[in-house]
Structure formats: structure tokens, C-alpha cells
Amino acid sequence: MEENFSQALLAWYRQNARQLPWREFHSPYTTWISEIMLQQTRVETVIPYYLRWLNQFPDVAALAASDEQTVLNAWEGLGYYSRARSILKTARLLHEQYHDQLPADRQELEKLPGLGRYTAAAIASIAFGLDEVVLDGNVKRVLSRVWNLDIAVDTPAGEKLLWQKAEELLPHGEAGDYNQAVMDLGATLCTPRSPNCLLCPVQQICEARRLGLQAERPVMSEKKAIPHIQVVAAVLHRGDQVLIQRRPSQGLLGGLWEFPGGKIEAGETPPQALQREIREELELEIEVGEMLGTYHHAYTHFKVTLQAFHAEILSGQAQAHAASEIAWAKIDHLTDYPMGKIDRMISKDISLKN
Ligand code: SF4
């Protein structure tokens, strides 16, 4: 059954592989960039970013010579910004220690910033033809359906079993195509909802299909409720400029620019929270004015609702306590500063109403 599965999948892939820009021409560099961009991100979203990226940073040397702000600007909108910072760190490391080349070895690749086992195995197999197997959400779904696994795939025991299964299935000498074939099957036919079993190349051996259990596989452990955070932000004006601050380079949205503010504490109104946050973060006393808007965004582990207010400084000189840098940015130059989703929405609203 294992051999049938791998061979059926390879034959299907050779006829039906998706036409993707990183497959038309590929090098270790392009495979690396595309694999990092594709983490947690849909193919259709990645394509325009990938094409622009290769124009702007055609190789490791060009990327290594860039600064963080330029790289974050190119990444803006793709989310999970630690990926962009790790790419830059890795490019500099490759430039200094590896003659601008990625190492052709999965374990060496895993030592580079931002490369976990999955990405290292994808690069090793696709770019270097090495016998390394990948396991991501798509692969887990396909394997747990074909073998009708009733173990939760997001637990250590489930992961261990799936790695073993994935390794058993790997056709030696064909790992690059095989890995891409399983990913394509999971992305196009064996989708989370309503898998298209009638067109599936492994329908004859799929146990979940035979038993009608496709919707029950993969089994996932129970998810905790996602917290919902209420925050406020200030748009502080000075003539045609507004005050923005740069987040420390580590952590969520690290290195990106934002409008100052923070969480609303219990018992506070939004304007009270904003006055307190601005005092703590910038040592400024402010008067809170009209509301600019309310913005919502879902991150992986929490949701945010943010209320933004126009505000005027009453006293004080802005000090960067919570940020690595502060700047008075001209409203029509705000696009020069890389920002996360919500802050970019705020900056667009300010520009529209200016
Ligand atoms: S037969 Fe259906 S459930 Fe089974 S692998 Fe194919 S698409 Fe997925």
C-alpha cells in the first residue's frame, strides 16, 4: 500500500503539478524564499510578493546588503514578520560564512535562523534532491485520511507517528517531487472541507474514503478559546506630521512602526487608557479628541479590537520608553514606514481624511 500511494501520487503530480513561479525556475535561494513565504500563508497571497521580492533581492548577496526597514517594507502585508527578520539574518550569515550559498544538508540548514525541520527538509529535497521528507498541515491531513489515523495529529504522539509514516512512504531519489505532490494533493483535492475524492489519485487505497470518515480526519486536540484584547491608539498631530514609534525588533510585529497606545485595563474608558499609555510610553500629557475608527484583526493566538483617536499633546517631550525609536512622520510619507495590518489601516484612514 505504501508503494502504491507514493507511485500513484508521483504519477498524478507529473501530470497535474500546479504552475507556480518558484517551480518554473528554481535555485536553493528561490526555494528558500518561497518556502518561508508559504509558511502559514496562502499560495495566491504569496505569488505577487515572491515576484516583487526576486526583482528587489535577486540573490543572497543583494538581500544581505539590504537594511531591515527595506526588507520589512517588502514583506509588509504578508504577516508573521519574524520571518522577514530571520531571512535577513540568514542572508547575512550566508554572505559572511557560506559564500552566499545555502548548505546542501538538512541538519546544517536547520541551524540557520527561522528554518525549522519542515523548511529545511523542503529546501534539502526540492533544491538539492536529498532524501528528506516534509510534514506540514497538508501532509498530516492526507496521511491521516489515507491511513484513517484516529490519533490527534497536533499532539507529540500524533506528530511522532506521522513522521514515522511519512518517512516510510518517501520514495528514494524522488523526494523533491514527492514532497511537492503531497502538498499539492492537500492543497487542491484533499482539502480540509469537502475533499474531492472522485478526482483523487489515491482514492482506491484511502481508508477514510472507504469508511466515509473524511470529515472526521484529521483528529485535532481541543482548542482553547482565543482571547480577545481591547486596545487603544493615539494619532498625535504636529502640523502635517503624526507621531509613530518603532516596536523593538524582537517579538510580535518586531521592527514595525505603529501608533502609540496599548491595552485597556479593567475599569478604564478608552480615553483614560490612552492618556495612561501615552504617559507611560512617551512621557506626554495628551487631550484625547475625536475617534478616527475601530479596527479588528485576528492573530494566531488572539484577536484585537483597536479604537484609534486623534489627540493633541498638552505637555512633555516624547521619550521612547516602549519603542526602539520614535518619529514625526509626514502624513503623505507614512507608506515609507513598514507597519502591521491595523496600523496600516489607521495610516490609510489618516491619509484619506487629511
Ligand atoms: S480519497 Fe479523498 S480523503 Fe482520501 S486522500 Fe483522496 S481526497 Fe483525501
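Conventions adopted
- Numbering of residues starts from 1 in each chain and follows the order in which that chain's sequence is written.
- Whole-chain, interface and lining totals are the exception, using all residues; otherwise, since this is a predicted model, local features are given only for residues with pLDDT of at least 70 and side-chain atom pairs are given and counted only at 80 or more.
- Runs of E in the DSSP output that reach at least two residues are strands. Runs of H or I that reach at least four are helices, and both are numbered from the N terminus.
- Here exposure depends only on C-beta density: within 10 Å of a residue's C-beta, 20 or more other C-beta atoms make it buried, 12 or fewer make it exposed, and intermediate numbers make it partly exposed, the C-beta atoms being placed from the backbone.
- A pair of residues counts as a contact when their C-beta atoms, built from backbone coordinates, are within 7 Å of each other.
- Each residue receives a C-beta atom built from its backbone; the residue is near a molecule or strand if that atom lies within 6 Å of it.
- Under this grouping Gly is polar, as are all residues other than the nonpolar Ala, Val, Leu, Ile, Met, Phe, Trp, Tyr, Cys and Pro and the charged Asp, Glu, Lys and Arg.
- Nonpolar cores are built from buried Ala, Val, Leu, Ile, Met, Phe, Trp, Tyr and Cys residues. These are joined into a set through C-beta atoms within 7 Å.
- Each domain span listed reflects an automatic or database assignment of domains.
- Pairing between two strands is assigned when DSSP locates at least 2 bridges connecting them.
- Angles run from 0 to 180 degrees between N-to-C directions of axes, and those axes are lines fitted to C-alpha atoms, restricted for helices to the stretch in contact.
- Roughly parallel refers to an angle under 35 degrees, roughly antiparallel to one over 145, roughly perpendicular to one between 65 and 115, and oblique to any angle outside these ranges.
- Here, expected helix span is obtained from the residue count minus one, scaled by 1.5 Å.

A look at the overall build of the chain
Now for step 1: Of the regular secondary structure elements, the chain holds 15 helices and seven strands.
Now for step 2: For the chain, the spread of C-alpha atoms along the principal axes amounts to about 75 × 50 × 35 Å.
Now for step 3: When each of the 354 residues of the chain is scored for burial, the buried share is 37%.
Now for step 4: Long-range pairs, those at least 24 residues apart, make up 67% of the contacts in the chain with a sequence separation of at least 6.

Some details on unusual backbone geometry
Now for step 1: Residue P218 is bonded to the preceding R217 through a cis peptide linkage, with omega at 0 degrees.
Now for step 2: The phi angle at Q40 is positive, at roughly 60 degrees, despite the residue not being glycine.
Now for step 3: Looking at the element boundaries, Q40 is found in the loop between helix 3 (28-38) and helix 4 (43-56).
Now for step 4: At Y80, a position not held by glycine, the phi torsion is positive, near 45 degrees.
Now for step 5: Structurally, Y80 is set in the loop between helix 6 (68-75) and helix 7 (82-97).

Section: the site of the ligand
Now for step 1: In the region of the ligand, 14 residues are neighbours, and C190, P195, C197, C200 and C206 sit closest.
Now for step 2: Within the residue set of the shell around the ligand, elements represented by two or more residues are helix 10 (137-146) and helix 13 (207-211).
Now for step 3: The biggest single contributor to the shell around the ligand is helix 10, with three residues.
Now for step 4: Residue composition of the shell around the ligand, grouped by class: 10 nonpolar, two polar and two charged.

Regarding the nonpolar core
Now for step 1: Among the nonpolar cores identified, the biggest contains 89 residues, and I123, A234 and V235 are the most heavily contacted of them.
Now for step 2: The dominant element in this core, judged by the number of residues it contributes, is helix 9 (residues 117-128), at seven residues.
Now for step 3: Residues lining this core come from more than one domain, with at least three contributed by each of domain 1 (2-216) and domain 2 (228-353).
Now for step 4: With near-sequence residues (within four places) excluded, I123 lies in contact with P28, T31, W32, E35, L102 and L109.

Some remarks on helix 10
Now for step 1: Within helix 10, eight of the 10 residues are buried, which leaves the element mostly enclosed by the surrounding structure.
Now for step 2: Directly after helix 10, the chain includes N148, whose backbone phi takes a positive value near 45 degrees.

Regarding the domain arrangement of the chain
Now for step 1: When cut into domains, the chain gives domain 1 (2-216) and domain 2 (228-353).
Now for step 2: Averaged C-alpha coordinates put domain 1 and domain 2 at centres separated by 36 Å.
Now for step 3: Among the elements of the structure, helix 6 and helix 7 are those that each provide at least two residues to the side of domain 1 that touches domain 2.
Now for step 4: Element by element, the count of residues in the side of domain 1 that touches domain 2 is highest for helix 6, at four residues.
Now for step 5: Broken down by class, the residue content of the side of domain 1 that touches domain 2 amounts to two nonpolar, three polar and three charged.

Here's the deal with the pairing of strand 2 (residues 241-246)
Here is the key point about a regular strand: its side chains alternate between the two faces of the sheet.
Now for step 1: The element strand 2 is extensively covered by neighbouring structure, given that five of its six residues are classed as buried.
Now for step 2: Taken together, strand 1 (residues 228-238) and the strand that follows it, strand 2, pair antiparallel across an intervening segment of two residues, in which G239 is found at a positive phi of about 60 degrees.
Now for step 3: When strand 2 meets strand 3 (residues 257-258), the two strands line up antiparallel, connected through two bridges. What sits directly across from Q245, in strand 3, is E258.

Considerations on the packing of helix 10 against helix 12 (residues 175-188)
Now for step 1: Where helix 10 meets helix 12, the axes come as close as 8 Å, and the angle between the chain directions of the two elements is 80 degrees. Regarding the angle of helix 10 to helix 12, the classification is roughly perpendicular. On helix 12, the residues touching N138, V139, R141 and V142 of helix 10 are V182, M183, L185, G186 and A187.
Now for step 2: Residue classes in the contact of helix 10 with helix 12 are distributed as six nonpolar, two polar and one charged.

Details of helix 12
Now for step 1: Across its 14 residues, helix 12 extends 20 Å between first and last C-alpha, which sits within 8% of the 20 Å expected from 1.5 Å per residue.
Now for step 2: Within the sequence span of helix 12, burial applies to A175, G176, Y178, N179, Q180, A181, V182, M183, D184, L185 and G186.

Some words on the environment of P113
Now for step 1: Following the sequence through the fold, P113 ends up in the loop between helix 8 (106-110) and helix 9.
Now for step 2: Given 15 C-beta atoms within a 10 Å radius, P113 is considered partly exposed.
Now for step 3: When the C-alpha positions of P113 and Q19 are compared, they lie 29 Å apart, and in sequence the two are 94 residues distant.

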